[in-house]
Amino acid sequence: ESLITACLLLGVESSKSELIDGSMVSDIFYRRDDVGLEHIVEYCNKDTLATINCFLRLIGWDIVQQYKVQ
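Everything numeric in this text was worked out from a predicted model, so none of it was measured.

Before going further, it helps to spend a moment on the overall build of the chain. Summing up its helical and strand segments, the chain has three helices and zero strands in all. Reading the helices (α) and strands (β) of the chain from amino to carboxyl end gives α-α-α. Counting only C-alpha atoms, the chain reaches 40 × 25 × 15 Å along its principal axes. Once local pairs closer than 6 in sequence are excluded, the contacts in the chain between residues at least 24 apart make up 38%. When the accessible surface of the chain is split by element, carbon and sulfur atoms take 57% of a total near 5400 Å².

Here's what the structure looks like:
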């Protein structure tokens, strides 16, 4: 929730996902189904983008529109 709050305060798009939240990652990971793992990847990429953009906003730089780890 603190990342979502930081996004809101800094005017950055939130990383909140409709598919999963942080409390579900462990259960999905240990089930080892490919669809679930793809949801974790998407969730982590959104969190990373939100974190990068919060940092960039704090130092006064333009935010990043896209970010994806492959």
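Among the surface-exposed residues, F55, L58, I59 and W61 lie close enough to one another that they form a single nonpolar patch of about 490 Å² accessible area. Here W61 is to be found in the segment after helix 3 (34-58). Under the relative-accessibility criterion, W61 is labelled exposed at 58%.

Our focus in this paragraph is the packing of aromatic side chains. Aromatic ring pairs: the centre-centre distance and the angle between the two ring planes describe each pair. According to the stated counting rule, one finds one aromatic pair in the structure shown. Ring geometry for F29 versus Y30: centroids 5.1 Å apart, planes at 85°, classification edge-to-face.

It is worth spelling out helix 3 at this point. Spanning 25 residues, helix 3 covers 36 Å between terminal C-alpha atoms, matching the ideal 36 Å at 1.5 Å per step. Within the span of helix 3, buried status applies to G36, I40, Y43, N45, L49, A50, N53, C54 and L56. Residues of helix 3 that are buried in the fold lie against helix 1 (2-10) and helix 2 (25-31). With its phi angle positive at about 85°, G60 sits one or two positions after the end of helix 3.

Right, let's talk about the side chain of N53 for a bit. With respect to the secondary-structure elements, N53 resides in helix 3. Residue class for N53 comes out buried when judged on its relative accessible area of 4%. Setting aside anything within four residues of it in sequence, one finds N53 in contact with V12, I63 and V64.

Cut-off values and rules
Sequence order as written defines the numbering, with residues in each chain counted from 1. It should be noted that, the model being predicted, local features are given only for residues of pLDDT at least 70 and side-chain atom pairs only at 80 or more, the latter also being counted only at that level, while totals for whole chains, interfaces and linings use all residues. Only heavy atoms go into the side-chain values, all of them from the structure, while hydrogens and water stay out. Only DSSP runs of H or I covering at least 4 residues are called helices, and only runs of E covering at least 2 are called strands; the numbering of each starts at the N terminus. We call two residues in contact when some of their heavy atoms are within 4.5 Å. Here the open area of atoms and residues is found with the Shrake-Rupley method and a 1.4 Å probe, where only the protein chains shown may cover a residue. Surface patches are defined over residues having more than 30% relative accessible area and no salt bridge, joining like charges when they lie within 9 Å and nonpolar side chains (Val, Leu, Ile, Met, Phe, Trp, Tyr) when within 5 Å. The term salt bridge refers to a pairing of a side-chain nitrogen on Lys or Arg with a carboxyl oxygen on Asp or Glu at a separation within 4 Å. The buried label goes to any residue with under 20% of its type's maximum accessible area, the exposed label to any with over 50%, and the partly exposed label to all in between, with areas taken from a 1.4 Å probe on protein chains only. Paired rings are identified among Phe, Tyr and Trp, the last through its six-membered ring, by centres lying within 6.5 Å, and are further divided according to the angle between planes into stacked (under 30 degrees), edge-to-face (over 60) and tilted (the rest). Here, expected helix span is obtained from the residue count minus one, scaled by 1.5 Å.

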